[in-house]
Structures are given as C-alpha cells and as structure tokens.
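Coordinate inspection notes
Each chain, letter by letter, is given below.
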Amino acid sequence: MQKKNDHSARKCEGCVCDFLKKLQESKMEMQCDDDKLFTLIKKNGAQFADLRFVSFDPKTCCAIFETFTRSSRQIWDCEKLAGIKIQNVPPIPPQPPVDCTCNGTIMAGGGTPETFNNNNVTFIVPQGDSRTVNGRVNICKSCDIDESVFEFLVPPVMGSMFGFRFESSIIESVMCADDESMLTAVGMGVAEPVGNNGLDGIFQYELILITGTGGGDPGSLQITLRDSNGIVFHTAAFAPTVGQDGKFVSITECPS
C-alpha cells in the first residue's frame, strides 16, 4: 500500500490556524484591512507585535506577515503559535494633553542646536561594543508639548548589523525635577530598520536628560525602548557629543 505524502496530507489544526484560514478568506474577498496589525504569541510566551497579515496557505500551515514598516516579511507555522491578537487601530491611540513644566534640549556652543552626536555610546541592551547614536531632541519646545521633537539614528555596524531610525509620535508624560536638573519623557514612537536585524515597529520610549554639574560637565542623555516583551534597546548615560564643541544639556523652567 502506497503511503500518502506527509506534506499533501497535512491538516492544520488549532484555533490560530482556523483564525488564519478565515483571515485568508476575508482577504480573498477583499474584506481584510491591510493596515490592521497583529501580535503573534509563541508557545514560550514571547510576543511579536505590529505585524501585517499577507497570506496563509492551509496546505503548509504557513502564514506570511510583514513587519510594521513593510521592510521585510516573516513566515510563521500556525501550529507552533499559542495565540494571535488583533491590535487596536490606530496603533498609537490619542493621548490626553501633557502639561509642560520645563523645556529640555541640547544647547550648542558650536554646531547645530537640538542635535546630539556621540560615537562612543555604551549599549546595555543589546550588549556590545560602544556605538554611535545621533539625533535631535527638544522636549516641550517653547513650552508647548506639540512642538516637541525626539528622533535618533543608530547606524548599522559595517552596513548590516542592528541599525535603525526612531521618531517619537506621542509624548505621554514629561516629569521635571524641582531644580531643573533632570527631565524624563515617556511616550510612543516608530522604529524603522537600517540594514539587517534593526528594530521595526512601535515602541514605548523613556528619555532621561540630566544637566551638567559645571566644570566642563555637559550633562547626559539616556534612552530606553520597550515592546510587549520588555526592554529591546537601552543605553548607558552619554554626553551629547564627543569633543570640544560646547554642546550641553539644558533644562529650563516654563512660565507658570
């Protein structure tokens, strides 16, 4: 008796596979929103958020998803998934207004205001050698939360490893020390990969600005990004620049 081909006889089972079958049917009938985002949950509990559904093949149990910025595609076996979540749309919901009690930015004795560029930043997550981080920051510019800017670039190493751009979309809170020595901003933003293995999707960020203590101390920045699994990017505190161009962290009180 001839054995059946295992590949052709395979039957995808489970609620995740069933959901993906229905999603594929909706897509074929032009009833599936291409901008809808999903979180895939592996059996070990790890979650992969901000994915866009492309297609599902019930013969192979393989589903194809695109990353948030559509820069790459991923293939998943539905039988190896523990669950799937439909994310809220829009992915970053509107936030209540944030009061500005202080303004935090980079002042330039020489060069461009608001900008930072340090080629010797220590990465705590992911662990590795010192790397370059450059960008712009001006939280509560003109003491108006809507005028704020926070964006940065991590160039890839040798054009291939863990590079990305990040831009803040929403600021959820701004906390200032009573003596204007520290500002902490928390919000949501979007990362776009540069090279292979870069971050791609929506992340919560925490930005800490600390003013200098005088005597040539320019102050520091510290950046943390998180997703549903925890911290994905975390720097040690770093100066706004390496060199003698006079840049320093400035935090000033906003008028009452």
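Above this text you will find the structure in question.
Time to look at the packing of aromatic side chains. For the structure on display, the rule yields 16 aromatic pairs. Aromatic pair Phe152 and Phe233: ring centres 5.9 Å apart, planes at 20 degrees, arrangement stacked. Of the two residues, Phe152 sits in strand β10 (residues 149-154) while Phe233 sits in strand β15 (residues 230-235), which places them 81 residues apart along the sequence. Accessibility classification places Phe152 together with Phe233 in one group, the buried group. Put simply, the rings of Phe123, Phe150, Phe152, Phe162, Phe164, Phe166, Tyr205 and Phe233 pair up and form one aromatic cluster. The ring of Phe68 has Arg52 sitting right over it, with the charged end atom 5.0 Å from the ring centre.

Moving on, we come to the state of the cysteines. When the sulfur atoms of two cysteines share a covalent bond, that bond is a disulfide. Scanning all chains against the criterion turns up 5 disulfides. Each sulfur in the disulfide pair Cys12 and Cys61 lies 1.9 Å from the other. Measuring the twist about the S-S bond at about -115 degrees, one finds the Cys12-Cys61 disulfide to be left-handed. Separated by 49 residues along the polypeptide, Cys12 in the loop between α1 (6-9) and α2 (15-28) and Cys61 in the loop between β2 (47-57) and β3 (62-66) bring together distant segments of the chain. For the residue pair Cys12 and Cys61, the accessibility class agrees, reading buried in each case. Linked covalently through their sulfurs, Cys17 and Cys78 form a disulfide whose S-S length is 2.0 Å. Measuring the twist about the S-S bond at about 95 degrees, one finds the Cys17-Cys78 disulfide to be right-handed.

The next subject is the sheet that holds strand β4 (residues 73-77). Judged by pairing direction, the sheet is antiparallel, and its 5 strands sit side by side in the order β4-β3-β2-β1-β5 without closing on themselves. Strands at the two margins of the open sheet, each flanked by one partner only, are β4 and β5 (81-86). When the angles between neighbouring strand axes are averaged without regard to direction, this sheet yields 45 degrees. In this fold α2 packs onto β1 (37-42), β2, β3 and β5, with an angle of close to 60 degrees to the strand it touches most, β2.

For the coordinates displayed, the defined rule picks out 6 salt bridges. Here Glu114 makes a salt bridge to Arg136, at a shortest N to O gap of 2.8 Å. Taken as a pair, Glu114 in the loop between β6 (102-107) and β7 (115-121) and Arg136 in strand β9 (residues 131-139) lie far apart in primary sequence, 22 residues in all. Here Glu114 falls in the buried class, since its relative accessible area comes to 11%.

What counts as what
Residues numbered from 1 in each chain as written. Predicted model: local features only at pLDDT ≥ 70, side-chain atom pairs only at ≥ 80, totals over all residues. Heavy atoms only, no water. Phe/Tyr/Trp six-rings, centres within 6.5 Å; stacked < 30°, edge-to-face > 60°. Helix = DSSP H or I, 4+ residues; strand = E, 2+ residues; numbered from the N terminus. Buried < 20%, exposed > 50% of the residue type's maximum accessible area, 1.4 Å probe, protein only. Lys NZ or Arg CZ within 6 Å of the ring centre and 35° of its normal. Disulfide = S-S within 2.5 Å. Pairing = 2+ DSSP bridges. Axes fitted to C-alpha atoms, helices over the stretch in contact; angles between N-to-C directions. Contact = heavy atoms within 4.5 Å. Salt bridge = Lys/Arg side-chain N within 4 Å of Asp/Glu carboxyl O.

Geometric values such as these leave the question of function open.
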